Amino acid sequence: MTQPMRRLRHVLAAAVVAGLVVGCTQGGSLTPAERDEAEMAVAQLARGWEEAWNAGDMNTLGTYYTADAIIMNTQGAEDFRGTAGVQQYLQNIFAEGATYSGATITSNEIAILGDHAYTNGTASATRMIPGGTGIEMSWKYVNLLERQDDGTWKIRKSMAVQTMPPLVPQMPEPAAN
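Presented here is an overview of the structure given in this document. Given the structure is predicted, the values throughout are model-derived calculations rather than measurements. (Residues numbered from 1 in each chain as written. Predicted model: local features only at pLDDT ≥ 70, side-chain atom pairs only at ≥ 80, totals over all residues. Heavy atoms only, no water.)

1. Brief notes about helix α4 (residues 82–93)
Part 1 of the reasoning: The end-to-end C-alpha separation of α4 is 17 Å, in line with the 16 Å expected for 12 residues at 1.5 Å each.
Part 2 of the reasoning: Three or more residues of α4 are buried, namely Gly 82, Gly 85, Val 86, Leu 90 and Ile 93. What you see down the axis of α4 is that its buried residues fit within an arc of 135 degrees, all on one side.
Part 3 of the reasoning: Elements in contact with the buried residues of α4: α2 (32–55), α3 (58–62), β1 (65–72), β2 (80–81), β3 (99–113) and β4 (116–128). (Helix = DSSP H or I, 4+ residues; strand = E, 2+ residues; numbered from the N terminus. Expected span 1.5 Å × (residues − 1). Buried < 20%, exposed > 50% of the residue type's maximum accessible area, 1.4 Å probe, protein only. Arc of directions from axis to C-beta. Contact = heavy atoms within 4.5 Å.)

Structure, rendered in structure tokens:
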């Protein structure tokens, strides 16, 4: 197994464990109405991230992260840490004058545990580089969020893995008898 495939396997295993931990410990001290309100706020954060991504607005994107945020680097390099790390991550996204269109974020799951939240889902966009053609891209992501003192939610830890076509051809479906 190649090093990138081993890394991807570890990343996905960590995401599953995080989901199980949050799923098994749900409850907290929130009323159902408070939980619904928190889930809507976390979903709105995803909509805001999506809008800022499409607009190429790195300043707004940076406001969605805590000052001590960690964006896990799935390509083997150091993680992006803190405000400066988040800014570096965002600069990498928009490197070479890249812009994005049609960016969408789909939350598959949002789990609230008091002042913490877990969400996972998919993202996709068309990446345009000046003078080049558009490249369709997609990711799977996991975010851990914290409720701030002012009641807003921000991303504390984040990991996204770019999805790629399968490395081996898909097996055809068996013929029906």
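From this point, things continue past the structure.
2. Re the environment of Ser 107
Part 1 of the reasoning: Take Ser 107: it is sitting in strand β3.
Part 2 of the reasoning: Residue Ser 107 is classed as partly exposed on the basis of its relative accessible area, which comes to 28%.
Part 3 of the reasoning: On a C-alpha basis, the gap between Ser 107 and Val 42 in space is 9.5 Å, while along the polypeptide they are 65 residues apart.
Part 4 of the reasoning: Setting aside residues up to four positions removed in sequence, Ser 107 forms contacts with Ala 46, Thr 119, Asn 120, Gly 121 and Tyr 141.
Part 5 of the reasoning: Here the side chain of Ser 107 touches Tyr 141 through a polar contact of 3.1 Å, side chain to side chain. (Polar contact = N/O pair within 3.5 Å; in protein donor to acceptor, adjacent residues only side chain to side chain.)

3. Brief notes about the nonpolar core
Part 1 of the reasoning: If you look at the biggest cluster of nonpolar residues, it comprises 31 residues, and the most contacted ones within it are Trp 49, Trp 53, Tyr 65 and Trp 153.
Part 2 of the reasoning: When contributions to this core are tallied by element, the ones reaching two or more residues are α2, β1, α4, β3, β4, β5 (135–147) and β6 (153–162).
Part 3 of the reasoning: Ranked by residues supplied to this core, first place goes to α2 with 7 residues.
Part 4 of the reasoning: When near neighbours in sequence (up to four residues on either side) are disregarded, Trp 49 contacts Leu 61, Tyr 64, Tyr 65, Leu 90, Ile 93, Ile 105 and Ile 155. (Core = buried A, V, L, I, M, F, W, Y, C linked by side-chain atoms within 4.5 Å.)

4. Details of the pattern of salt bridges
Part 1 of the reasoning: Across all of its chains, the model carries 5 salt bridges by this definition.
Part 2 of the reasoning: Residues Arg 156 and Asp 68 are paired through a salt bridge, measuring 3.4 Å at the closest nitrogen-oxygen approach. Taken together, the residues span a long stretch of sequence, with Arg 156 in strand β6 and Asp 68 in strand β1 at a distance of 88 residues.
Part 3 of the reasoning: The partner of Arg 81 in a salt bridge is Asp 79, with the nearest N and O atoms 3.8 Å apart. (Salt bridge = Lys/Arg side-chain N within 4 Å of Asp/Glu carboxyl O.)

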